[in-house]
Amino acid sequence: MELTCERMSYGPDAVARDEGGKTVFVAGGVTGDRVRAVVDREEDRWAHARVAEVLEPSADRVAPACPFAGACGGCPWAALSYPAQAAAKRAGVVDALTRIGHFSPERAEGLVAPLVTPSDQWGYRNKVELAVTRQNGRAVLGMHGRGEADVVRVKSCMLLDKAHAGAVKSVSGALAYLSNSHDLDLERVGIRVSRRTKDVEVALWDRPGAFPRAQAAKVLADALRPTSVVRVMQKGPAKARRIAGVECLSGAGSWGELVGEERMRVSAPSFFQVNTKGAEKLVELVMGALSPQEDEEAMDLYCGAGTFTLPLARRAGFVSAVESYGPAVRDLRRNLESAGLDNVDPIGGDAGREFPDTDADVIVVDPPRAGLAEDVVRRLSEQPARAIAYVSCDPATLARDLARFEAAGTFSPARVTPVDLFPQTFHVETVTLLRRL
């Protein structure tokens, strides 16, 4: 069928409508393209198609800077000009507020600030993840492809920090050799790099069992000279993995980064923003929105290794910091100790079950993609705080939660700032200031 792509979805595809008005998600299309597409999935209310030919290219279509963009899943918007990416990301946040949060279009437009772009459009990532598969009986490592099982062999990743772009080829080659000579069963490989601290960590994810520890450390040292090599062992079914243990094979056993004035160390299983300049912008926006004072008490829910906890602790009198993931809690305690901060209570556990028994003046929440549980919204709404900063990685769950806050009648969004931590992708981070009514 022939289609005109109307806009970008909150996903890798463009959105069009067929002759009957049905929504069609178009893989390989960008806003404004006229394409010939082949339908590969048909549902009652929508369909999915792939571009077979671009009949009339959009004015916003560009030649991707990365030659692997069409096959690799890491930069699905690489064929869309950056100004068009920025416009689509902001529009996606406005759309979520109106469609899911049921804010009026006028109010949503007024709430959402212009998109902030804190980093370069390429070379901004401090982390990449390599997929591992076997082809003709031999191990192959590469980037995750657009299909679930696809692995794309590349010499470098243009999203990774330019000073370490060759790390992908070095690690892939070394571990393919090791896997084939020692029959390794790696599930994935993480590479974290820092231009600021010069740290490079390789994390080998597999199942518990025999492992050539010394050989792995040696081949990676010869290929890359990393500052840390760790093995992360997992148990359980594919969709419910749990960490069974972490072994340091060589070096520091963790990765270090400088975020603003804070030095942080993060273990391989712990979450850390993949865009360091972006993380700094989030901290700047959160601290600017809350303006914590030294006589105030703060709360930091879903705090991770302490990205917001540390700057909060330097400004506020006391911080209650809650994190459910064990490795991140240990990282948080280590980072607080290294920073010499003793005005923080690190609490391990779910934010709902371990909600701090305190009255906070300012609150930061940075939940995972699923957003806030309804009970957490209720308990936050009962706090006497003057303001909440809500950091979100999903406009849909943000919109749902903002509607819940409005319904509770205590806090209301005053400003939603989209931040582009992930150029060349559809993902967008937001920082929302909620003020007390």
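Please refer to the structure higher up on the page.
Since we're looking at a predicted model, the values are computed, not measured. (Residues numbered from 1 in each chain as written. Predicted model: local features only at pLDDT ≥ 70, side-chain atom pairs only at ≥ 80, totals over all residues. Heavy atoms only, no water.)

### Brief notes about helix α1 (residues 82-99)
Next up, step 1: Here α1 contains 18 residues, and its C-alpha end-to-end distance of 25 Å stays within 8% of the 26 Å for a straight helix at 1.5 Å per residue.
Next up, step 2: By the burial criterion, the buried members of α1 are Tyr82, Ala84, Gln85, Ala86, Ala88, Lys89, Arg90, Val93, Val94, Ala96 and Leu97.
Next up, step 3: Here the buried face of α1 lies against β2 (7-8), α2 (105-111), α9 (395-408), β21 (411-419) and β22 (429-436). (Helix = DSSP H or I, 4+ residues; strand = E, 2+ residues; numbered from the N terminus. Expected span 1.5 Å × (residues − 1). Buried < 20%, exposed > 50% of the residue type's maximum accessible area, 1.4 Å probe, protein only. Contact = heavy atoms within 4.5 Å.)

### Concerning the environment of Leu434
Next up, step 1: Within the secondary structure, Leu434 is located in strand β22.
Next up, step 2: Note on Leu434: relative accessible area 0%, which makes it buried.
Next up, step 3: C-alpha of Leu434 to C-alpha of Ala387: the two residues are 47 residues apart in sequence and 5.6 Å apart in space.
Next up, step 4: Among all residues touching Leu434, those that are not within four sequence positions of it are Arg386, Ala387, Ile388, Tyr390, Leu402, Phe405, Phe411, Ser412 and Pro413.

### Some points on the side chain of Asp206
Next up, step 1: Here Asp206 shows up in strand β11 (residues 200-206).
Next up, step 2: When neighbours within four sequence positions are excluded, Asp206 is seen to be in contact with Asp185, Leu186, Glu187, Phe211, Arg231, Val232, Met233 and Gln234.

### So, the packing of aromatic side chains
Next up, step 1: Overall, the coordinates contain three aromatic pairs when judged by the stated rule.
Next up, step 2: Ring geometry for Phe25 and Trp46: centres 6.0 Å apart, planes at 75°, overall edge-to-face. Of this pair, Phe25 sits in strand β4 (residues 23-27) while Trp46 sits in strand β6 (residues 46-56), placing them 21 residues apart in sequence.
Next up, step 3: Judged by relative accessible area, Trp46 falls into the partly exposed class, the value being 29%.
Next up, step 4: A centroid spacing of 5.6 Å and a plane angle of 70° characterise the contact between Trp255 and Phe272, whose relative ring orientation is edge-to-face. You can see Trp255 sitting in strand β14 (residues 255-259) and its partner Phe272 sitting in the loop between β15 (262-266) and α5 (276-290), a full 17 residues away along the chain. Residue Trp255 shares its accessibility class with Phe272, and that shared class is buried.
Next up, step 5: Its guanidinium or amino end placed over the ring of Trp205, Arg188 lies 3.8 Å from that ring's centre, counting from NZ or CZ. (Phe/Tyr/Trp six-rings, centres within 6.5 Å; stacked < 30°, edge-to-face > 60°. Lys NZ or Arg CZ within 6 Å of the ring centre and 35° of its normal.)

### Let's talk about the pattern of salt bridges
Next up, step 1: Applying the stated criterion to the full structure yields 29 salt bridges.
Next up, step 2: Two residues, Glu42 and Lys22, come together in a salt bridge whose shortest N-O distance is 2.5 Å. One end of the pair, Glu42, is in strand β5 (residues 34-42); the other, Lys22, is in the loop between β3 (14-17) and β4, with 20 residues separating them in the sequence.
Next up, step 3: In this structure, Asp222 engages Lys218 in a salt bridge whose closest nitrogen and oxygen atoms are separated by 3.0 Å. Residue Asp222 and its partner Lys218 are both found in helix α4 (residues 213-223); the two are separated by four residues, about one turn of the helix.
Next up, step 4: Residue class for Lys218 comes out exposed when judged on its relative accessible area of 54%. (Salt bridge = Lys/Arg side-chain N within 4 Å of Asp/Glu carboxyl O.)

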